[in-house]
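Structure assessment
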Amino acid sequence: MKIAVFVSGSGTNLQVLIDKLHLDKNVDIEIAVVISDRKKAYALERAKKAGIPGIYINVKRFPNREAFDAEIDRVLEEYGVELVVLAGYMKVFQTPFVRKYYGRLINIHPALLPSFPGTDGVGDTLKYGVKVGGVTIHFVDEGVDTGPIIAQAAVPVFYDDDKESLHTRIQKHEHTLYPEVVKMYQEGRLEIVGRKVRIKAGKPESRKARKPESQTKT
Ligand code: GRF
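Residues numbered from 1 in each chain as written. Predicted model: local features only at pLDDT ≥ 70, side-chain atom pairs only at ≥ 80, totals over all residues. Heavy atoms only, no water.

1. Describing the sheet that holds strand β3 (residues 54-56)
Judged by pairing direction, the sheet is mixed, and its seven strands sit side by side in the order β3-β2-β1-β4-β5-β6-β7 without closing on themselves. Each end of this open sheet is capped by a strand with a single partner; those strands are β3 and β7 (149-156). Across the sheet, the mean angle from the axis of one strand to that of its neighbour is 20 degrees, orientation sign disregarded. The pairing of strand β1 (residues 2-7) with strand β2 (residues 30-36) spans six bridges and is classified as parallel. Within β2, the residue paired with valine 7 across the bridge is serine 36. (Pairing = 2+ DSSP bridges. Helix = DSSP H or I, 4+ residues; strand = E, 2+ residues; numbered from the N terminus. Axes fitted to C-alpha atoms, helices over the stretch in contact; angles between N-to-C directions.)

2. Description of helix α3 (residues 65-78)
The end-to-end C-alpha distance of α3 is 20 Å, a good match for the 20 Å that 14 residues give at a rise of 1.5 Å each. Taken residue by residue, α3 has Phe68, Asp69, Glu71, Ile72, Asp73, Val75 and Leu76 as its buried positions. Elements in contact with the buried residues of α3: β1, β2, β3, β4 (83-86) and α4 (95-101). Two residues or fewer past α3, glycine 80 is found with a positive phi of approximately 65 degrees. (Expected span 1.5 Å × (residues − 1). Buried < 20%, exposed > 50% of the residue type's maximum accessible area, 1.4 Å probe, protein only. Contact = heavy atoms within 4.5 Å.)

3. Thoughts on the pairing of strand β9 (residues 196-199)
Examined bridge by bridge, strand β8 (residues 190-193) and β9 share four bridges and lie antiparallel to one another. Bridge pairing in β9 links leucine 190 to isoleucine 199. Following β8, the chain reverses through two residues before pairing antiparallel with β9; glycine 194 in that reversal takes a positive phi of roughly 65 degrees.

4. As for the site of the ligand
As a matter of local geometry, the ligand sits amid Ser10, Gly11, Thr12, Asn13, Gly88, Ile108, His109, Pro110, His167, Gln171 and Glu174. Within the backbone of proline 110, an N or O atom sits 3.4 Å from an oxygen atom of the ligand. In isolation the ligand offers 370 Å² of accessible surface; the protein chains occlude 87% of this area. With three residues, helix α6 (residues 163-186) is the largest single contributor of residues to the shell around the ligand. Tallied by class, the residues present in the shell around the ligand amount to two nonpolar, eight polar and one charged. (Near = heavy atom within 4 Å. Polar contact = N/O pair within 3.5 Å; in protein donor to acceptor, adjacent residues only side chain to side chain. Areas by Shrake-Rupley, 256 points an atom, 1.4 Å probe, with all protein chains shown as cover. Nonpolar A, V, L, I, M, F, W, Y, C, P; charged D, E, K, R; others polar.)

5. Re the pattern of salt bridges
Within the structure shown, the criterion is met by twelve salt bridges. The partner of lysine 163 in a salt bridge is aspartate 120, with the nearest N and O atoms 3.0 Å apart. Here the residue lysine 163 occupies a position in helix α6, and aspartate 120 occupies one in the loop between β5 (105-109) and α5 (121-128), the gap between them amounting to 43 residues. Judged by its relative accessible area of 43%, lysine 163 falls in the partly exposed class. The shortest N-O distance in the salt bridge between aspartate 124 and lysine 127 comes to 3.6 Å. (Salt bridge = Lys/Arg side-chain N within 4 Å of Asp/Glu carboxyl O.)

6. Some points on the side chain of aspartate 37
For aspartate 37, the position within the fold is in the loop between β2 and α2 (42-49). Looking at aspartate 37, its side chain comes within polar contact range of the side chain of serine 8, at 2.6 Å. Of note is the side chain of aspartate 37, whose polar atom sits 2.9 Å from the side chain of lysine 91. Ignoring sequence-local partners within four residues, the contact set of aspartate 37 consists of Val7, Ser8, Tyr56, Ile57, Tyr89 and Lys91.

Set out below in structure tokens:
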């Protein structure tokens, strides 16, 4: 399955998707293209190092956001992308794009949605004084961080936390959860049912037809 990863910044999530999925020969997931709205995003370097095409698309080249989205759509078609994975991408898609990709467009957000949507999930978590923050992975709908939730993980928020310490704690969970969710999608295990996402059971390890010790010994 070919996926595209969208980035704007450092790309630590992209890196784990490269390491745990793209480079794993036992996993049928290829990052066909990385798309950035920022020329200097370090994530583009990461793509280059992994030999993955990295494309910077400058929003200013387009008369409006619909035209920008249309160019993105053209690139996705060109690379045969099935799933679009947003990983720190800071632009919001317009309605026609979201409708076309609904169900195969996912995002990761560094807060426990529906609390603290928007561009500063970590800062808003801290400012509110909640004791539990976290990460949310969701399908993208026409709102900002409002789509059906696929997976969440909670992390404690400590009194002395600053944005960096809390974000670091959150990212540890992001780096485990995001590859798992992309793999679940590839295995056809995610089903949107209204606002909810059903996660179907995966193949149990036991079904791998492992022979009992006694039968393998000669
Ligand atoms: C992540 O914390 C993600 O939740 C948010 O943007 C951040 C991207 O981090 N949407 P990175 O570029 O993957 O390191």
